[in-house]
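Single-letter residue listing:
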Amino acid sequence: MKQTYDKNRVITSGHGSMLVFNKLVAALTKTGISLMGSRVLSVKGRKSGEWRSTPVNLMTLDGQPYLVAPRGHVQWVKNLRATPEARLRLGRKTEVFHAVELADADKPEVLRVYLKKWSWEVGAFFEGDVDKNSSLETLLQVAPGVPVFKITKDAKMGR
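Reading the values: the criteria
- Residues numbered from 1 in each chain as written.
- Predicted model: local features only at pLDDT ≥ 70, side-chain atom pairs only at ≥ 80, totals over all residues.
- Heavy atoms only, no water.
- Helix = DSSP H or I, 4+ residues; strand = E, 2+ residues; numbered from the N terminus.
- Expected span 1.5 Å × (residues − 1).
- Buried < 20%, exposed > 50% of the residue type's maximum accessible area, 1.4 Å probe, protein only.
- Pairing = 2+ DSSP bridges.
- Axes fitted to C-alpha atoms, helices over the stretch in contact; angles between N-to-C directions.
- Contact = heavy atoms within 4.5 Å.

### Focus on helix H3 (residues 108-122)
Over its 15 residues, H3 runs only 16 Å from end to end, short of the ideal 21 Å by more than 12%, given 1.5 Å per residue. Along H3, the residues classified as buried are Pro108, Val110, Leu111, Tyr114, Leu115, Trp118, Glu121 and Val122.

Here it is as structure tokens:
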């Protein structure tokens with residue numbers, strides 16, 4: 001079945017090996033070992049108010065950190081939209097941040113760099129000619145289905 005890259009794109013199923021890999025990455029990250037930028041993202045649940053955590057790849061482009069959601073509009077994305085203040089953890093160090101979602105037109109270069117660095121891990125969530133060498137037109141076409149957040153530090157947020 002062909003993927004559609006729109007506001008409804010959510011990829012929840014994964015290979016068993018990917019689920020094991022995510023648990024391993026989360027465990028290592030919690031102990032302070034980052035695999036190529038891995039962090040544990042904690043966001044407040046938009047309905048429950050409870051903190052929810054998931055491993056993510058923190059990407060930096062020109063000194064600016066970003067979070068990319070290769071699986072689309074998954075739960076952590078929806079929660080971060082509802083409450084843009086969240087936490088990134090590596091070992092004992094936790095950083096509080098504010099997330100600003102990028103407009104689709106601003107995503108192509110971030111997506112290209114993300115795919116260049118992590119295609120070995122997230123390539124399964126994209127299909128066809130969507131990769132680090134994709135045309136600007138292709139990256140703009142898939143942008144609505146791949147949320148991207150700019151990470152900002154707010155002096156009022158502490159820590």
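That covers the picture; the talk isn't over yet.
### Some details on the sheet that holds strand S6 (residues 148-152)
Sheet architecture is closed into a barrel: 6 strands sit in the order S1-S2-S3-S6-S5-S4, paired in antiparallel fashion. Averaged over all pairs of adjacent strands, the angle between strand axes in this sheet comes to 45°, irrespective of strand direction. Where strand S1 (residues 38-44) meets strand S2 (residues 51-61), 7 bridges bridge the pair, whose relative direction is antiparallel. Among the inter-strand pairings, Leu41 is bridged to a residue of S2, identified as Thr54. Contacts from helix H2 (residues 75-82) reach S1, S2, strand S3 (64-68), strand S4 (85-90), strand S5 (93-101) and S6 within the one sheet, and its direction differs from that of S1 by about 55°. Strand contacts of H3: S2, S3 and S6, with the helix running at about 115° to S2, the strand carrying the most contacts.

### Considerations on the pairing of S4
With 3 bridges joining them, S1 and S4 adopt antiparallel strand pairing. Paired with Leu41 across the two strands is Leu88, which belongs to S4. As paired strands, S4 and S5 are joined by 6 bridges and run antiparallel to one another. Opposite Leu90, over in S5, you have Lys93 as the bridge partner. The antiparallel hairpin formed by S4 and S5 contains 2 residues in its connecting segment, where Gly91 sits at a positive phi of about 60°.

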